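Remarks on the overall topology
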Amino acid sequence: MLGAVLLRPVAPQAPVVVVLHGTPEGQSSIKTGFVASVSHDGQALVLKPLGPVTIDSAQALELWAVSTDGRPASLGLVTTGERATTVLRADLLTGVKAFAVSLEPAGGSPSGAPTGPVISAGSVDAAELRSRAS
């Protein structure tokens, strides 16, 4: 019986999905939102636009993880067009309450924090994260 329990396949966990809705500040710049899917182990994030994303060549989109104390940490630049952006990093969900996308100068934020308008943002479901931890 122990062998049967040890050999039973473990069902894969679904990713954590966060919908990043357009913000009032972003409506004049980008008219689409994003969906972020974070792998069950928190090691990979795929950000997909909900529509085509076009920006001026002097601008860039930057993805941020917002910690539970409100500090943003850059996860890198977002691919424009209709392609997805992939981020590979350990502990993508640890201490994170939201993800956001800001409009920045080409090359990204010069300060390490969003300098342009946050065009899209979405909260991480804390209850879902607690249930996964147990």
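Structure's up top.
Because the structure is a prediction, the values reported are computed rather than measured.

1. Some thoughts on the overall build of the protein chain
Within the protein chain one finds two helices and eight strands. Ordered by position in the sequence, the α and β elements of the protein chain form the string α-β-β-β-β-β-β-β-β-α. Sequence-distant contacts, at least 24 apart, represent 62% of the contacts inside the protein chain between residues at least 6 apart.

2. So, the side chain of Ser120
Of note, Ser120 is situated in strand β8 (residues 118-123). Since its relative accessible area comes to 0%, Ser120 is described here as buried. A distance of 2.8 Å separates a polar side-chain atom of Ser120 from the backbone oxygen of Leu20. Within the structure, Ser120 has its side chain in polar contact with the backbone oxygen of His21 (distance 3.2 Å). Those residues in contact with Ser120 that sit more than four places away from it in its chain are Leu20, His21, Gly22, Thr23, Gly33, Phe34, Phe99, Ala100 and Val101.

What counts, and at which threshold
- Residues numbered from 1 in each chain as written.
- Predicted model: local features only at pLDDT ≥ 70, side-chain atom pairs only at ≥ 80, totals over all residues.
- Heavy atoms only, no water.
- Helix = DSSP H or I, 4+ residues; strand = E, 2+ residues; numbered from the N terminus.
- Contact = heavy atoms within 4.5 Å.
- Buried < 20%, exposed > 50% of the residue type's maximum accessible area, 1.4 Å probe, protein only.
- Polar contact = N/O pair within 3.5 Å; in protein donor to acceptor, adjacent residues only side chain to side chain.

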